[in-house]
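Here's the letter readout for the chains.
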Amino acid sequence: MRRYNALRPVMLIAVALLTNSLFTNLCGMFGMSPESASNVGFIAMMIAALVMYNRMTKHRRK
C-alpha cells in the first residue's frame, strides 16, 4: 500500500454528496417534483464521482 492517500476517497465522497444535494435543491427550486429532483441529483452525483475518479487516476497512470 505504497503511496496510499486517505484523503482521495473522502474527497470523492464529499464531492458526490455535495453535488447530489446541490442539484436536488436547485431542481426543487425550479419547480420539479421531489422524486424527479432526487433522481436528477443522483445522476449528477454519479457523473461528478466518475469525472473526479478519472481525473485522480489519470495523474497516477502517467
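Heads up: the structure comes first, above all this text.
Structural notes, computed from the coordinates. (Residues numbered from 1 in each chain as written. Predicted model: local features only at pLDDT ≥ 70, side-chain atom pairs only at ≥ 80, totals over all residues. Heavy atoms only, no water.)

1. Notes on helix α1 (residues 7-29)
Structural remark: α-helix, 3.6 residues per turn; residues separated by three or four positions point the same way. To be explicit about the condition: Numbering of helices and strands runs from the N terminus; a helix is a DSSP stretch of H or I covering at least four residues, while a strand is a stretch of E covering at least two. Expected helix span is taken as 1.5 Å per residue step, with the number of steps being one fewer than the number of residues.
Look at α1: 33 Å from first C-alpha to last across 23 residues, which is about the 33 Å you get at 1.5 Å a residue. In the stretch just after α1, Gly 31 is the one whose phi turns positive, near 100 degrees.

2. Some details on the side chain of Thr 19
Our working rule: Each residue gets one of three labels from its accessible area relative to the maximum for its type: buried under 20%, exposed over 50%, partly exposed in between, using a 1.4 Å probe on protein chains only. Throughout, a contact is declared for two residues whenever any of their heavy atoms are within 4.5 Å.
Inspection of the secondary structure assignment puts Thr 19 in helix α1. Taking the relative accessible area as the measure of exposure, Thr 19 reaches 15% and is therefore buried. When near neighbours in sequence (up to four residues on either side) are disregarded, Thr 19 contacts Ala 44, Met 45 and Ala 48.

3. Here we look at a nonpolar patch on the surface
Filter applied, for reference: Grouping into patches uses exposed residues only, defined as over 30% relative accessible area, and leaves out salt-bridged ones; the cut-off is 9 Å for like charges and 5 Å for nonpolar side chains (Val, Leu, Ile, Met, Phe, Trp, Tyr). Where accessible areas are quoted, they stem from the Shrake-Rupley method and a 1.4 Å probe; at the residue level, only the protein chains shown are allowed to cover. The salt bridge definition used is simple: a Lys or Arg side-chain nitrogen within 4 Å of an Asp or Glu carboxyl oxygen.
A contiguous nonpolar patch, built from Leu 22, Phe 23, Leu 26, Met 29 and Phe 30 and spanning about 560 Å² of accessible area, is present on the exposed surface. Here Leu 26 is to be found in helix α1.

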